[in-house]
Amino acid sequence: DRTVRSNFTQIFHQEIHVTETQQVIDQYGISNEFDYQAKKAVPSLMRLIERASRYGTAGSGSATTPRTMGGFTEFITTNKQGGGVVQTSFETAVKNAYEKGGSGPWIAACSPTNLMSIKAIYDSSNFLRVAPDQKSIGMVIETIITPFGNVSLLLDRWMTDDRLPIIDPKHAGFLTLRPFTQEPLAKTGDSIKGQVVGEFTFCLRQEKAHAMLTS
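Scoring rules and cut-offs
For every chain, the first residue of its written sequence is number 1, and the numbers climb from 1 along that sequence. The predicted origin of the model limits local features to residues at a pLDDT of at least 70 and limits the giving and counting of side-chain atom pairs to 80 or more, whereas totals for whole chains, interfaces and linings rest on all residues. Computation of side-chain values: all heavy atoms of the structure, hydrogens and water removed. Strands here are runs of E lasting at least two residues and helices are runs of H or I lasting at least four, both read from the DSSP assignment and numbered beginning at the N terminus. Working rule for helices: expected span equals 1.5 Å times residues minus one. Burial here depends on accessible area, computed with a 1.4 Å probe over protein chains only, as a share of the maximum for the residue type. Under 20% is buried, over 50% is exposed, and the range in between is partly exposed. The arc in question is formed by the directions pointing from the helix axis toward the C-beta atoms. Only heavy atoms enter the contact rule, under which two residues are in contact if any of them lie within 4.5 Å. Put plainly, a pocket is an open set of points on a 1 Å grid over the protein atoms alone with protein on both sides within 12 Å along at least five of seven lines, a cavity is a set where a 1.4 Å probe fits but cannot get out, and a lining residue has an atom within 4 Å of a point. Grid points are joined across faces, edges and corners, and a volume is the space filled by probe spheres set on the points. Only Asp, Glu, Lys and Arg are considered charged, only Ala, Val, Leu, Ile, Met, Phe, Trp, Tyr, Cys and Pro nonpolar, and every remaining residue, Gly among them, polar. Here the rule is simple: two strands pair whenever DSSP picks up at least two bridges between them. When a carboxyl oxygen of Asp or Glu lies within 4 Å of a side-chain nitrogen of Lys or Arg, that pair is called a salt bridge.

K.L.:
Teacher, can you tell me more about helix α4 (residues 87-99) here?
P.N.:
Side chains of residues three or four places apart in an α-helix project in the same direction, reflecting 3.6 residues per turn. Compared with an ideal rise of 1.5 Å per residue, which puts 13 residues at 18 Å, α4 spans 18 Å between its outermost C-alpha atoms and is within 8% of the ideal. Within the sequence span of α4, burial applies to Ser89, Phe90, Ala93, Val94, Asn96 and Ala97. End-on, the buried residues of α4 take up no more than an arc of 155 degrees, which puts them together on one face. Just beyond α4, the residue with positive phi is Gly101, at close to 120 degrees.

Now the structure itself:
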């Protein structure tokens, strides 16, 4: 049967307060303090969007609760593979996604700990050879080749160690309802106020084309 999944949009905003004194003082490399603070807000808000895509739970919100978008965990429900980060579990997760329609190449968002675990699987005497004249040892693994397709490893400081999503990027992404915009707010006292605000949502289709390692 044909079904349509849905998600909610989430508003991300940050207020900016700059005193009139800061605004008129000459500062080396900063021509406008308010614009400078507004530009600094965007990378911070982008990190919140990234975090929401990992742990977000879809909610319509209320008068007291903000509306939130669902992330990977909300949508990937079929191909959940337990057993932690070991070679068999990793390749079985990719196999399950392939058998249910995924075609890859996939992207695996790894916490630092999980990336070390994957490196330990392949960074061994069975896979790595070093010539005697080499003064450096080890390798940085960027892609794992499986019988079912390639998986690119993405180091992600926001991922927790108990989950490792394996995403087919052809079927996942973001939609922008309102791009980030700088807006003025009502002035109070001797300061300039404004906000940077945008509204976005996460979209994932064909959830069986993705997988999730869990521990």
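Still more to cover.
K.L.:
Hey, could you run me through the environment of Gly194 in this one?
P.N.:
Along the polypeptide, Gly194 turns up in strand β8 (residues 191-204). Look at Gly194 and you get buried, because its relative accessible area is 0%. Each C-alpha atom, one on Gly194 and one on Gln182, is 7.1 Å from the other, the two residues being twelve residues apart in sequence. Discounting residues that sit within four places of it in the chain, Gly194 has contacts with Gln14, Glu15, Ile16, Phe34, Glu183, Pro184 and Leu185.

K.L.:
I would appreciate a short explanation of the layout of surface pockets in the present structure.
P.N.:
Over the atoms, a rolled probe matching the size of one water molecule traces out where space is still vacant. Size it by volume and the largest pocket reaches roughly 220 Å³. Around the largest pocket sit Ser53, Arg54, Phe72, Ile107, Ala109, Leu154, Ile167, Pro169, Ala172, Gly173, Phe174 and Phe202, which together line it. Breaking the lining of the largest pocket down by element, the ones donating at least two residues are α2 (33-55), β3 (106-110) and β7 (172-184). Here the lining of the largest pocket is built from residues that sort into nine nonpolar, two polar and one charged. Within this model, the second largest pocket holds a volume of roughly 180 Å³.

K.L.:
Just checking my understanding: could you explain the pairing of β8 for this structure?
P.N.:
Consecutive side chains of a regular strand alternate in pointing toward one face of the sheet and then the other. For β8, the buried fraction is high: eleven of the 14 residues fall into the buried class. Note: β7 against β8, ten bridges, orientation antiparallel. Directly across from Pro184, in β8, lies its bridge partner Gly194. Two successive antiparallel strands, β7 and β8, enclose a turn made up of six residues, where Gly189 displays a positive phi of approximately 70 degrees.

K.L.:
Please explain helix α5 (residues 112-122) as it appears in this structure.
P.N.:
Taken together, the buried positions of α5 are Asn114, Ile118, Ile121 and Tyr122. Relative to the axis of α5, the buried residues are bounded by an arc of 85 degrees and lie together on one face. Exposed and oriented more than 90 degrees from the buried face of α5 are Met116 and Ala120. Each element contacted by the buried residues of α5 is listed here: α4, β3, β4 (143-146), β5 (149-155) and β6 (163-167).

K.L.:
What am I meant to see in the pattern of salt bridges here?
P.N.:
Evaluated as defined, the whole model comprises eight salt bridges. The residue Arg54 makes a salt bridge to Glu50 at a minimum N-O spacing of 3.6 Å. With Arg54 and Glu50 both in helix α2, this residue pair falls four residues apart, about one helical turn. Measuring nitrogen to oxygen at the nearest pair gives 3.0 Å for the salt bridge that ties Arg178 to Glu199. A residue pair is termed long-range when its members are at least 10 positions apart, and Arg178 in strand β7 and Glu199 in strand β8 qualify at 21 residues. Here Arg178 falls in the partly exposed class, since its relative accessible area comes to 33%. On the basis of relative accessible area, Glu199 is assigned to the buried category, the value being 6%. Because the salt bridges share partners, they merge into one network encompassing Glu50, Arg54 and Asp156.

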